[in-house]
Amino acid sequence: MTKFPFKAAMAQANEMYGLELDEDTFETYGMSAWYKIGNKDYRMRITKAVPQADPAGGWYVCMPGAAGGGECGCSGGSNSEDGSDITIEAITLDFEDAQETSSIMNFPGVYTHPIEQWIEYDKRMPNELYIPGKYVKFKVLGDRIYFTEPYPSVNILYKSLYVDEEGLPFINQKEMEAIAVYCAYAEDMKKARLTKDQGTFQMAQLEFQRW
């Protein structure tokens, strides 16, 4: 399905209803309509990060795409996100989960880790979103992800909104038309409220029904 930049709905509103909205007003109307539609388009991504020590305790990395992500050691995987509407799906380390079978004998448990590493190396055609390594526990606080141990690096699998270069969501044709109708409704309803004009109010009601 073809996707359009969010502000394409602004041109659609002008073409269909003759609306001449400034960008701030359009974004207010448009985002309100988009949230009401509820058809959020997410993309899955992978990034690698190096945890840093927090003077208050623990170790952390910034949420992918959040401000300061580079300072927190995040690399790759972002797409102009601002850190909002991001869900962390999983975090792993750069080594496999292996446990020795005995605490007093090296054999055969000493071979557990090399075997796990070889199994991982020998996997054929893994999915592009597959992340190897041992899963770790984490806690999200604000725009940071916290750990209880100083891991050398972590792999982060997350999903985020599919956004354009301005950080606004991409939309399809139906969404673009719906947002244009909603902008006309919102603008006419505001005018009707200010002018107490019955005709404008009825037009706004018809536009809302169409939306």
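Preceding this section is the structure that the text describes.
Residues numbered from 1 in each chain as written. Predicted model: local features only at pLDDT ≥ 70, side-chain atom pairs only at ≥ 80, totals over all residues. Heavy atoms only, no water.

Undergrad: Any chance you could explain the overall build of the protein here in plain terms?
TA: A count of helices and strands for the protein gives five helices and seven strands. Mapped from its N terminus to its C terminus, the protein presents α and β elements in the order α-α-β-β-β-β-α-β-β-β-α-α. Burial status across the protein gives 38% buried among its 211 residues. Within the protein, counting contacts between residues at least 6 apart in sequence, those at least 24 apart form 73% of the total. Accessible surface, the protein: about 13000 Å² in total, of which carbon and sulfur atoms supply 52%. (Helix = DSSP H or I, 4+ residues; strand = E, 2+ residues; numbered from the N terminus. Buried < 20%, exposed > 50% of the residue type's maximum accessible area, 1.4 Å probe, protein only. Contact = heavy atoms within 4.5 Å. Areas by Shrake-Rupley, 256 points an atom, 1.4 Å probe, with all protein chains shown as cover.)

Undergrad: Would you take a moment to explain the sheet that holds strand β5 (residues 139-141) for this structure?
TA: Sheets are built from strands paired through backbone hydrogen bonds, the pairs being either parallel or antiparallel. Read across the sheet, four strands follow the order β2-β3-β6-β5 without closing on themselves; strand pairing throughout is antiparallel. Looking at which strands have only one partner, the edges of the open sheet turn out to be β2 (52-53) and β5. When β2 meets strand β3 (residues 59-62), the two strands line up antiparallel, connected through two bridges. Paired with Ala 53 across the strands is Trp 59, a residue of β3. (Pairing = 2+ DSSP bridges.)

Undergrad: Got a minute to help me understand the packing of aromatic side chains in this structure?
TA: Within a pair of aromatic rings, the relevant descriptors are the distance that separates the centres and the angle that separates the planes. Inspection of every chain in the model, using the stated rule, returns seven aromatic pairs. Pairing Phe 6 with Phe 26 gives two aromatic rings, centres 5.6 Å apart and planes at 50°, and the pair type is tilted. Residue Phe 6 is found in the segment before α1 (8-17), and its partner Phe 26 is found in helix α2 (residues 23-37); the two are separated by 20 residues along the sequence. This pair shows no difference in class: Phe 6 is buried, exactly as Phe 26 is. On the numbers, 5.7 Å between centres and 40° between planes, the contact of Tyr 60 with Tyr 146 is tilted. Here Tyr 60, found in strand β3, pairs with Tyr 146, found in strand β6 (residues 144-147); they are 86 residues apart in sequence, far enough to count as distant. Taking relative accessible area as the criterion, Tyr 60 reaches 8% and is therefore assigned buried. Grouped by ring-pair contacts, the aromatic residues Tyr 182, Tyr 185 and Phe 208 constitute a single cluster. The ring of Tyr 162 has Arg 43 lying over it, and the distance from NZ or CZ to the ring centre is 3.9 Å. (Phe/Tyr/Trp six-rings, centres within 6.5 Å; stacked < 30°, edge-to-face > 60°. Lys NZ or Arg CZ within 6 Å of the ring centre and 35° of its normal.)

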